[in-house]
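# Per-entry structural report
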Amino acid sequence: MLKRLCPIAKDAMPGIVGGLVLLLVAGAIELLQPWPIKWLVDHVLGRHPLSPGLARWLPSLASETMVRGAFTVCVAVVAFAVLQKLAHFVSQRLVLRAGEQIVFELRCRAFEQLQRLSLAYHDKTRVGDSLYRVAYDTHAAQTLLASVVVPIATGCVMLVGILFVMVRIDPMMTMITLAAAPLFFLTITIFGKRIEVGSRRYHENETALVAALQEALVSIRAIQTFTMESAFGFRFRKMADDSCRTHQHLMHQQLLFGGLVGLAMAAGTAGVIWVGAQRVQDGRLLAGDVLVFLAYLGMLYQPVNAFCQSANVLKSSGAQLQRVFEVMDAVPAIVDKPGARQLPRVTGDVEFDHVGFGYEPGQPILRDLSFRVPPESVVAIVLWVCAERKPAELGC
């Protein structure tokens with residue numbers, strides 16, 4: 001699906017790249033945010049000696065007065081938060097703008113494709129179905145970018161950085177943390193297909209509902225003339241009920257998916273707390289080290305949770321985009337030959353020389369027709385049916 005969107009997203013690439021770069025900057029700053037808590041617990045309150053790096057850059061943490069050290073910690077917390085939020089805000093603006101550009105281009109291309117398709121295609125396709133695909137399903141492109149591509153790209157970098165720091169703090173607790181990973185992948189495997197199927201069924205029901213509403217409003221004069229309001233109301237209510245039940249089933253699968261992910265995260269956190277408390281009791285870690293590790297544990301589960309949620313969104317938005325590309329992939333009845341030349345602006349007469357036309361193969365409407373149209377003229381071709389001749393023959 002991403003491969004199909006790449007040509008459409010060509011003009012939005014600068015915004016996407018800029019947003020990803022700023023998100024990586026915001027992630028790097030976020031990795032620094034747990035450390036002021038460690039400085040407060042271990043050095044300001046616990047009076048443990050500073051490392052050479054801290055002694056050089058933040059000597060006030062070892063001040064004789066705790067107030068000065070606490071003030072330094074407060075300044076660091078606020079500075080990290082401001083820089084991180086600023087980078088995150090600008091990056092989100094860039095990504096959202098790029099997503100809107102992709103949706104705009106996808107909608108325009110889908111609409112142009114619908115105009116190229118034959119009347120036979122439109123006779124077989126409900127108007128509401130085409131409306132829903134162009135107006136609503138195309139918005140899944142922005143969802144795919146903002147809720148799948150960006151979280152996965154930034155989450156991978158964050159995951160590597162967090163694991164590096166956690167291993168430096170304590171390899172054993174890091175292994176306990178990673179022990180919950182198989183639960184995540186098992187959950188994704190079980191619920192991924194269910195969510196994809198449920199999402200596609202839900203959007204198909206919504207398409208039918210919109211089509212029924214559109215047809216009823218277009219035919220409102222006939223409905224009121226023949227007092228068909230109750231029949232159309234019953235039909236609409238049944239379709240709305242089907243759509244509601246399908247959506248409830250989809251939400252049930254998504255909530256169950258999120259709940260199991262949360263349980264896996266809680267199991268890993270409990271194991272880390274148990275081992276961390278023993279490490280502090282044995283004197284192998286400081287209390288601040290455990291607090292920093294728990295902070296990184298929460299940060300670690302953020303990208304892991306984002307991966308799981310992205311898998312959920314990928315199935316849902318992928319089903320919607322597939323419906324859009326079904327329109328894009330439909331073959332028009334009239335297409336240019338391979339290598340056809342682009343016709344420049346021309347002047348003069350338009351001549352038809354023994355041409356024929358028909359909507360369906362084997363069912364011509366016009367046969368062996370020849371005429372010339374001079375500039376600035378309007379020509380109408382009128383067809384009628386003769387009793388002794390085949391339908392839709394020209395003339396009588």
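Residues numbered from 1 in each chain as written. Predicted model: local features only at pLDDT ≥ 70, side-chain atom pairs only at ≥ 80, totals over all residues. Heavy atoms only, no water.

## A look at the packing of aromatic side chains
- By the definition in use, this model includes 3 aromatic pairs.
- Centroid distance W35 to Y296: 6.4 Å. Interplanar angle 65°. Geometry classified as edge-to-face. Of this pair, W35 sits in helix α3 (residues 35-45) while Y296 sits in helix α13 (residues 287-328); the two residues are 261 residues apart in sequence, bridging distant segments of the chain.
- We classify W35 as partly exposed; its relative accessible area is 24%.
- You can call Y296 buried: its relative accessible area is 1%.
- Judged by centre distance (5.0 Å) and plane angle (35°), the ring pair of Y132 and Y136 falls under tilted.
- In this arrangement the basic side chain of R4 is found over the ring face of F325, its NZ or CZ atom lying 4.2 Å from the centre. (Phe/Tyr/Trp six-rings, centres within 6.5 Å; stacked < 30°, edge-to-face > 60°. Helix = DSSP H or I, 4+ residues; strand = E, 2+ residues; numbered from the N terminus. Buried < 20%, exposed > 50% of the residue type's maximum accessible area, 1.4 Å probe, protein only. Lys NZ or Arg CZ within 6 Å of the ring centre and 35° of its normal.)

## Points about the side chain of T125
- Relative to the assigned elements, T125 resides in the loop between α6 (119-124) and α7 (127-135).
- Under the relative-accessibility criterion, T125 is labelled buried at 18%.
- At 3.0 Å, the side chain of T125 forms a polar contact with the backbone oxygen of Y121. (Polar contact = N/O pair within 3.5 Å; in protein donor to acceptor, adjacent residues only side chain to side chain.)

## Points about the nonpolar core
- By size, the foremost hydrophobic cluster in this structure holds 26 residues, and its most contacted members are L5, I102, L106, A141, L145 and L321.
- Going through the elements one at a time, α2 (13-32), α5 (66-116), α8 (140-169) and α13 are the ones with two or more residues in this core.
- When residues of this core are assigned to their parent elements, the largest contribution, 7 residues, is made by α5.
- Once you skip the residues sitting within four places of it in the chain, L145 turns out to touch I16, V95, A98, G99, I102, V150 and P151.
- Within the second largest apolar cluster, 17 residues are counted, among which are I162, V165, V272 and V292. (Core = buried A, V, L, I, M, F, W, Y, C linked by side-chain atoms within 4.5 Å. Contact = heavy atoms within 4.5 Å.)

## Looking at the side chain of S243
- As for its placement among the helices and strands, S243 is situated in helix α12 (residues 229-281).
- Within polar-contact distance, the side chain of S243 engages the side chain of E206 at 2.3 Å.
- When residues no more than four places from it in sequence are discounted, the contact partners of S243 are Y202, N205 and E206.

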